[in-house]
Amino acid sequence: MLPKGRHFRKSLILILIITSIPGLITGGAIYWFTAGRIESELVQLHKNQIAKRAESIQGQFSYLELSLSHLAFDPKLDYTLAQTDLLRNFTVTRDLYKTLLLTQGALPLVDRMELFVEGQVPAHFSPDFNLLVTEAERQAWKPLLKPGIPVYWTRLGDADHKERPPSLALVHQVPGGSTTPFGVVLFRLNEARVVEQLRALTPYEEGEAFLLAEDGTVLASSDAGPQPSPLLEKLRTAVLERTEGETSFKLDWNDSTYSVSYGTFDRLGSSWTYVTAAPIHAITAPVVIVSKTIIGVSLAGLLLGCLLAWFASRRIYSPMERLVRLLGGERAPEGGDEFAELEKRWVHLHRESADLQHRLEKQLPQVKEGFLLQLIQGHLSAYPQEELAERLRSFGWEPEGRVFTVICLQLTGMTRLEAQGRFSAEDEGLVTFAAANMIEELASGSFPQAHALNFHDLTVGLLISLPEEEAAEEPWLPLCENIIEAVTGILRMNVTAAVGRSTPNLRELPDLFEEAKGLLGYRSFGEENQILRAGDVYGAEGAERVPYPFTEEKELLQALRKGQPEEAEAALALFLKALTDQSQTEGDYQQGVLNLLGSLEHMTLQSGLHPGRVYGHGNRFALLAELREPEQVERWFRRSILCPYLKEMESRSGSSARRMIEEAIHYIETRYMHDISLDSCADHCGTNVFSLSRSFKSVTGMTFVDYVTETRLTKAKELLRESERKINEIAEQVGYQHGYFNRIFKKAEGVTPSRYREMSRES
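What you see as residue numbers is a count from 1 along each chain, following the sequence as written. At least 70 in pLDDT is required for a residue's local features to be given in this predicted model, at least 80 for side-chain atom pairs to be given and counted, and no such filter applies to totals for whole chains, interfaces and linings, which use all residues. Derived side-chain values reflect all non-hydrogen atoms in the structure, with water molecules and hydrogen atoms excluded from consideration.

Undergrad: Would you explain the overall build of the protein in this entry?
TA: Scanning the protein for helices and strands turns up 28 helices and 16 strands. In the protein, which comprises 763 residues, the proportion classed as buried is 41%. Counting only contacts in the protein whose residues sit at least 6 apart along the sequence, the fraction spanning at least 24 positions is 63%. Residue burial considers only the protein chains on display, and all accessible areas are found by Shrake-Rupley using a 1.4 Å probe. Accessible surface computed for the protein: about 42,200 Å², of which carbon and sulfur atoms make up 54%. Secondary structure follows DSSP: runs of H or I at least 4 residues long count as helices, runs of E at least 2 residues long count as strands, and numbering of each begins at the N terminus. Note on classification: 1.4 Å probe, protein chains only; a residue is buried when its accessible area is under 20% of the maximum for its type, exposed when over 50%, partly exposed between these limits. Contacts are assigned to residue pairs with any non-hydrogen atoms lying within 4.5 Å of each other.

Undergrad: What should I look at first to understand the nonpolar core in this one?
TA: Among soluble globular proteins, nonpolar side chains are generally buried collectively. Formed by 42 residues in total, the largest nonpolar core has its most connected members in Phe-61, Leu-64, Leu-115, Val-185 and Phe-187. Among the elements that make up this core, the one with the highest residue count is helix α1 (residues 6–72) (eight residues). Those residues in contact with Phe-61, other than ones at most four positions away along the chain, are Trp-153, Leu-168, Leu-189, Leu-211, Arg-267 and Trp-272. In this description, a nonpolar core means a group of buried Ala, Val, Leu, Ile, Met, Phe, Trp, Tyr and Cys residues linked to one another through side-chain atoms lying within 4.5 Å. Core analysis: the next-biggest nonpolar cluster, separate from the first, contains 34 residues, Ala-443, Val-460, Leu-462 and Val-487 among them.

Undergrad: I'm lost on the state of the cysteines in this one. Help?
TA: Each disulfide consists of one covalent bond between the sulfur atoms belonging to two cysteines. Pairs of cysteine sulfur atoms within 2.5 Å are identified as disulfides in what follows. Applying the stated criterion across every chain, the model contains zero disulfides. Just so you know, Cys-681 is unpaired, no disulfide at all, and the nearest cysteine sulfur is the one on Cys-685, 4.2 Å from it.

Undergrad: I tried to follow the packing of helix α12 (residues 428–446) against helix α13 (residues 476–491) on my own but got confused; where do I start?
TA: Working note: a packed helix pair is described by the angle between its axes plus the distance between those axes. Relative orientation of the contacting elements α12 and α13 amounts to 145°, with a least axis distance of 10 Å. For the pair α12 and α13, the crossing hand works out as right-handed. Residue-level contacts link Val-431, Ala-434, Ala-435, Met-438, Ile-439, Leu-442, Ala-443 and Ser-446 of α12 to Leu-479, Asn-482, Ile-483, Ala-486, Val-487, Ile-490 and Leu-491 of α13. In this analysis, axes come from line fits to C-alpha atoms, helices being fitted only over the stretch in contact, and the angle between any two N-to-C directions falls in the range 0 to 180 degrees. By convention, the crossing between two helices is left-handed when the near helix turns anticlockwise from the far helix through less than a right angle, and right-handed when the turn is clockwise.

Undergrad: Is there a simple way to think about the packing of helix α25 (residues 704–722) against helix α27 (residues 738–749) in this case?
TA: Where α25 contacts α27, the two axes come as close as 11 Å, and the packing angle between them is 95°. Judged by the inter-axis angle, α25 sits roughly perpendicular to α27. Residues Thr-709, Leu-713, Ala-716, Lys-717 and Leu-720 of α25 pack against Phe-741, Ile-744, Phe-745, Ala-748 and Glu-749 of α27. A breakdown of the residues in the contact of α25 with α27 according to their chemical character gives seven nonpolar, one polar and two charged. Orientation is classified from the angle alone, with under 35 degrees giving roughly parallel, over 145 giving roughly antiparallel, 65 to 115 giving roughly perpendicular, and any other angle giving oblique. Just so you know the grouping, Ala, Val, Leu, Ile, Met, Phe, Trp, Tyr, Cys and Pro go in nonpolar, Asp, Glu, Lys and Arg go in charged, and all remaining residues, Gly too, go in polar.

Undergrad: Help me understand the pattern of salt bridges, please; the structure alone is not making it clear to me.
TA: Between side chains of opposite charge, a pair can form when the charged atoms approach closely. Salt bridge, as used here: a side-chain nitrogen of Lys or Arg that lies within 4 Å of a carboxyl oxygen of Asp or Glu. Counted according to the given criterion, the structure contains 15 salt bridges. Among the ionic pairs, Asp-85 bridges to Arg-88, the shortest N-O distance being 3.3 Å. Glu-601 is the partner of Arg-620 in a salt bridge, and the nearest nitrogen-oxygen pair spans 2.5 Å. One end of the pair, Arg-620, is in helix α20 (residues 620–625); the other, Glu-601, is in helix α18 (residues 586–606), with 19 residues separating them in the sequence. The burial state of Arg-620 is the same as that of Glu-601; both residues are buried.

Undergrad: Is there a simple way to explain unusual backbone geometry in this structure?
TA: In this model, Ser-126 is joined to Pro-127 through a cis peptide bond whose omega is -15°. For His-456, which is not a glycine, the phi torsion comes out positive at approximately 65°. For His-456, the location among the structural elements is in the loop between β13 (450–454) and β14 (459–467). Even without being a glycine, Leu-458 presents a positive backbone phi close to 65°. For Leu-458, the position within the fold is in the loop between β13 and β14. The class for Leu-458 is buried, based on a relative accessible area of 6%.

Undergrad: Can you walk me through the sheet that holds strand β10 (residues 256–267) in this structure?
TA: Working definition: the strands of a sheet are paired by backbone hydrogen bonds and lie parallel or antiparallel to each other. Only when DSSP finds a minimum of two bridges between them are two strands counted as paired. Here five strands make up an open sheet; going across it, the order is β8-β7-β11-β10-β9 and the pairing antiparallel. The strands lining the two open edges of the sheet, one partner per strand, are β8 (218–221) and β9 (248–253). Each adjacent strand pair in this sheet contributes to an overall mean axis angle of 25°, direction not counted. Running at roughly 80° to β8, helix α5 (residues 191–199) makes contact with β7 (208–212) and β8 of the sheet. Across the sheet, helix α6 (residues 230–240) is in contact with β7, β8, β9, β10 and β11 (270–279); its angle to β7 comes to roughly 50°.

Undergrad: Whenever I open this one, the sheet that holds strand β1 (residues 110–117) confuses me. Can you help?
TA: An order of β3-β2-β1-β6-β5-β4 is seen for the six strands of this open sheet, with the pairing classed as antiparallel. In the strand order of this sheet, the two ends are held by β3 (129–131) and β4 (151–156), each with one partner. Put simply, the sheet's adjacent strands are angled 25° from each other on average, direction ignored. Pairing of β1 with strand β2 (residues 123–125) involves three bridges; the strand directions are antiparallel. In the strand pairing of β2, Val-117 is matched with Ala-123. Against the sheet, helix α3 (residues 90–106) makes contact with β1, β2, β3 and β6 (183–189), and its axis sits at roughly 150° relative to β1, the strand it touches most.

Undergrad: So what exactly am I meant to see when it comes to α13 here?
TA: Owing to its 3.6 residues per turn, the α-helix aligns residues three or four sequence positions apart on the same side. Between its first and last C-alpha atoms α13 spans 22 Å; for 16 residues at 1.5 Å apiece the expected length is 22 Å, and the two agree. Within the span of α13, buried status applies to Trp-476, Leu-479, Cys-480, Ile-483, Ile-484, Ala-486, Val-487 and Leu-491. If you follow the buried residues of α13, they end up packed against β12 (402–412), α11 (414–419), α12, β14, β15 (494–503) and β16 (530–533). Where α13 terminates, the next one or two residues include Arg-492, which has phi positive at roughly 60°. Take the residue count of a helix, subtract one, and multiply by 1.5 Å to get its expected span.

Undergrad: Got a minute to help me understand a negative patch on the surface in this structure?
TA: Together, Glu-566, Glu-567, Glu-569, Asp-706 and Glu-710 line one region of the surface with negative charge. For the negative patch, the secondary-structure elements that each account for two or more residues are α17 (565–582) and α25. Of the residues forming the negative patch, the biggest block, three residues, is contributed by α17. Its place among the elements puts Glu-567 in helix α17. A relative accessible area of 38% places Glu-567 in the partly exposed class. Patch membership requires over 30% relative accessible area and the absence of a salt bridge. Like charges are linked within 9 Å, and nonpolar side chains (Val, Leu, Ile, Met, Phe, Trp, Tyr) within 5 Å. Positive charges come from Lys and Arg, negative ones from Asp and Glu, while His and the chain ends are left out of the count. The atom standing in for a charge is NZ when the residue is Lys, CZ when it is Arg, CG when it is Asp and CD when it is Glu.

Okay, here's the thing in structure tokens:
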């Protein structure tokens with residue numbers, strides 16, 4: 001059985017989607033309306049449970065307050081107790097001990113009952129009887145006798161167990177209702193049991209519950225750690241920032257969402273706030289079961305849909321499968337499907353036709369391009385005129401009664417665009433390709449028989465076929481203007497169009513092409529875009545030429561002989577600028593730079609050096625003749641002539657130069673804080689400023705001034721980071737005036753000295 005093809009897979013997927021849509025819609029609706037409603041109900045139920053449990057906790061605290069008030073008004077704790085000698089009157093002491101012990105046992109939240117009496121015999125019951133012998137022991141309890149506040153809640157440390165943290169305590173002054181109390185009775189709550197009560201507010205393994213005093217301090221927390229957890233601090237801050245009237249909100253913390261509920265307890269003139277937080281996923285755990293059920297039902301429906309889709313697609317695909325068998329070469333069954341056989345033959349013929357058409361369309365432009373290139377470059381000069389004309393007809397051209405014109409278009413300005421960042425040197429072929437496409441499109445719109453030839457070196461040839469009667473009217477002139485406008489506007493390149501003569505003879509095209517190429521040597525450097533005609537250029541023979549810039553050449557040769565790199569580069573720039581200004585045509589300019597190259601090689605021979613070893617073997621004159629732009633020429637001279645010559649001259653005295661530069665560097669590093677110059681350093685090293693400057697840059701890669709500046713700025717940055725000196729003091733210490741120091745520091749570092757000090761301290 002043949003494997004199922006793409007049509008079967010598409011049919012199966014389509015039917016599968018159609019059969020699954022009702023189940024997916026039903027499952028989504030159930031989850032959206034049912035599961036979402038359950039989740040909302042569970043969250044609301046959780047809030048109601050918290051409110052009821054909070055009321056229970058509040059009742060327990062109220063019961064503690066009532067119990068302590070009854071005890072404070074007990075006759076055993078009246079003013080006679082202050083006059084009683086508790087040490088000798090054992091009966092009274094024993095009764096107090098029993099009373100405190102029984103009350104403590106009756107209250108589950110109370111960890112210990114305590115009584116402080118400041119009377120004839122200062123004593124402390126806890127509930128055991130203890131005398132307060134020292135003044136320090138008595139002073140520790142006196143702060144509890146707050147005037148005007150007979151009963152209050154507080155967090156109280158344990159004098160018997162100082163290592164324990166303070167615990168929540170209820171304090172009542174005795175005797176009750178008195179304005180001059182002589183002691184206090186208090187309930188010290190059991191922290192563990194209070195935590196159990198708070199945990200009842202969050203009946204989940206995750207979450208947090210705590211009590212806040214009116215001033216925002218935590219009275220008790222379900223977090224048993226020694227330090228408050230980050231979640232507790234986040235909840236406390238969030239609750240304190242909430243506005244009145246709100247009792248619940250949601251809080252995102254550590255990739256979880258918490259349901260937060262809070263409320264207040266009115267406690268003895270103050271207000272407590274209880275806060276409970278539980279993760280939503282813990283509250284809505286029952287929803288997970290519903291979700292799994294919905295997913296299971298949806299998957300079952302999807303499986304059933306897959307089976308139905310497979311069955312339906314099999315039935316739909318069976319005719320297609322029979323057609324596939326026939327196309328695969330199997331014998332058609334008796335009473336076969338004639339339509340299938342016709343379809344097979346039609347598909348086969350259509351495929352072959354489309355394939356041949358595709359090959360023809362794909363190869364025709366390349367074949368035409370290759371033929372025209374060979375034609376104008378002279379590679380088909382052995383072919384007769386009739387055969388060349390026949391080849392042109394095969395490409396849709398009609399050569400009878402027409403003349404042919406060759407136009408050579410040269411693009412310039414690549415160096416300028418490279419400096420602007422628009423193109424790079426590697427983009428030369430890409431730029432030529434773009435220009436050739438633009439020229440092809442413009443030429444095809446103006447002439448039915450025209451073709452652009454891409455030479456990939458910023459040169460494009462254009463072959464145009466014209467009726468003989470139109471050749472004298474120069475109909476190609478508007479086309480050249482349009483090409484110049486388009487290339488200049490889009491590529492920002494300058495264009496020189498050299499137009500050769502016209503001919504009806506195809507075998508003469510190579511000579512006309514060389515003639516057009518030769519016209520490019522007559523382009524003027526003073527114009528950006530030019531159109532050159534053979535008659536105009538060759539009719540100007542004998543025109544006066546501007547003299548060669550001998551003065552600038554002499555300065556360049558002198559700078560090289562002295563080994564002065566900077567002066568040599570400046571002299572080279574002046575020479576090329578003068579040559580550009582004086583040259584009327586590109587040919588004049590190329591002749592001038594070739595003469596300069598000859599002079600430089602002659603000077604190299606006079607210096608006792610072999611040009612081939614210094615500059616490398618190869619035809620340097622041919623390489624230079626290929627450069628079309630002044631910027632390219634200047635860059636080539638610096639890289640290929642000046643730098644190798646100066647490097648060779650420096651290598652002759654390399655060791656002595658290094659020793660001299662080491663002495664100069666030591667001089668700079670010991671006297672950078674003073675006014676030093678190249679002259680003073682040269683005198684110190686026993687040489688002249690020219691040798692020192694040339695050797696310094698050769699050895700260090702930096703000029704003398706740049707090295708002094710870097711040394712001073714390095715010391716200044718160290719002082720800015722590690723000292724508290726003022727900016728003007730640091731400037732004077734490294735040899736600068738204050739204002740100049742700020743400018744040169746900002747130029748080098750990008751920030752002012754004060755900002756640099758701030759940034760270094762921040763980091």
